[in-house]
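Single-letter residue listing:
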Amino acid sequence: MFKHILIPTDGSDLSRRAIAGGVALAKAIGARVTGLFAAPTATPIVYRHFLPVGYMTPQAHAKQIERTAEQYLSIIQRAAEKARVPCETVSVTNDFPADAILKIAKKRRCDLIYMASHGRRGVSAVLLGSETQKVLTHADVPVLVHR
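Residues numbered from 1 in each chain as written. Predicted model: local features only at pLDDT ≥ 70, side-chain atom pairs only at ≥ 80, totals over all residues. Heavy atoms only, no water.

Asker: How should the nonpolar core be read in this particular structure?
Answerer: Here is a general trend for soluble globular proteins: nonpolar side chains tend to be buried in one another's company. Formed by 24 residues in total, the largest nonpolar core has its most connected members in Ile5, Ile7, Val33 and Val85. Among the secondary structure elements, those contributing two or more residues to this core are β1 (4–8), α1 (13–29), β2 (32–39), α2 (58–83) and β6 (112–116). In this structure valine 33 touches His4, Ile5, Ile7, Gly22, Ala26, Ala80, Val85, Pro86, Cys87 and Glu88, once residues within four positions along its chain are discounted. Counting residues in hydrophobic clusters, the runner-up holds 16 residues, among them Ile101, Cys110, Met115 and Ala139. (Core = buried A, V, L, I, M, F, W, Y, C linked by side-chain atoms within 4.5 Å. Buried < 20%, exposed > 50% of the residue type's maximum accessible area, 1.4 Å probe, protein only. Helix = DSSP H or I, 4+ residues; strand = E, 2+ residues; numbered from the N terminus. Contact = heavy atoms within 4.5 Å.)

Take a look at the structure:
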């Protein structure tokens, strides 16, 4: 069965539920996990929910992204430790999360990607796209979608 599960996170509540599910699956089948946070490139403009909300230096923005990555990845690390599942975490910079997920899955030789789907439909799905859909379309390994 699966021996190495990649669990990407974006820090959302749904992503947190997927972390719990992915770690539980890993424990049940004796797999290890790699937690991933794909951070955007640090720019002078700071965005929240796809809207510009402020300005800061790229260096300050990079520090903020680093703190956010640590916060989100620590959730995976703690869940894995509690379940006694071997875990590594990785943060990468990439403006295209699906690409980062696929690259890390290949680089780390993961044999399953376990990720959340926000289930956007209609216009929001078209405008915002679906990172999960992109991963499903292009992955070379199975993808288990948590909804």
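Let us keep going from here.
Asker: Teacher, can you tell me more about the environment of tyrosine 47 here?
Answerer: Looking at where tyrosine 47 falls in the secondary structure, it is placed in strand β3 (residues 45–48). In contact with tyrosine 47, other than residues within four places in its own chain, are Pro52 and Val53.

Asker: Even after reading the chapter, I still don't get the side chain of asparagine 94, so can you show me in this structure?
Answerer: The topology assignment puts asparagine 94 in the loop between β5 (87–93) and α3 (97–107). Overall, asparagine 94 belongs to the buried group, its relative accessible area being 15%. Within the structure, the side chain of asparagine 94 is placed 2.7 Å from the backbone nitrogen of phenylalanine 96, a separation counted as a polar contact. (Polar contact = N/O pair within 3.5 Å; in protein donor to acceptor, adjacent residues only side chain to side chain.)

Asker: I tried to follow the packing of α3 against helix α5 (residues 131–138) on my own but got confused; where do I start?
Answerer: How two helices sit against one another is set out by the angle between their axes and by the gap between those axes. Between α3 and α5, the shortest axis-to-axis distance is 8 Å and the interhelical angle comes to 40°. With respect to α5, the axis of α3 lies oblique. In this structure, α3 crosses over α5, and the sense of that crossing is right-handed. Contact residues: Pro97, Ala98, Ile101 and Leu102 in α3; Glu131, Lys134, Val135 and His138 in α5. (Axes fitted to C-alpha atoms, helices over the stretch in contact; angles between N-to-C directions. Parallel < 35°, antiparallel > 145°, perpendicular 65-115°, else oblique. Left-handed = near helix turned anticlockwise from the far one by under 90°.)

Nothing here speaks to function; it is geometry throughout.
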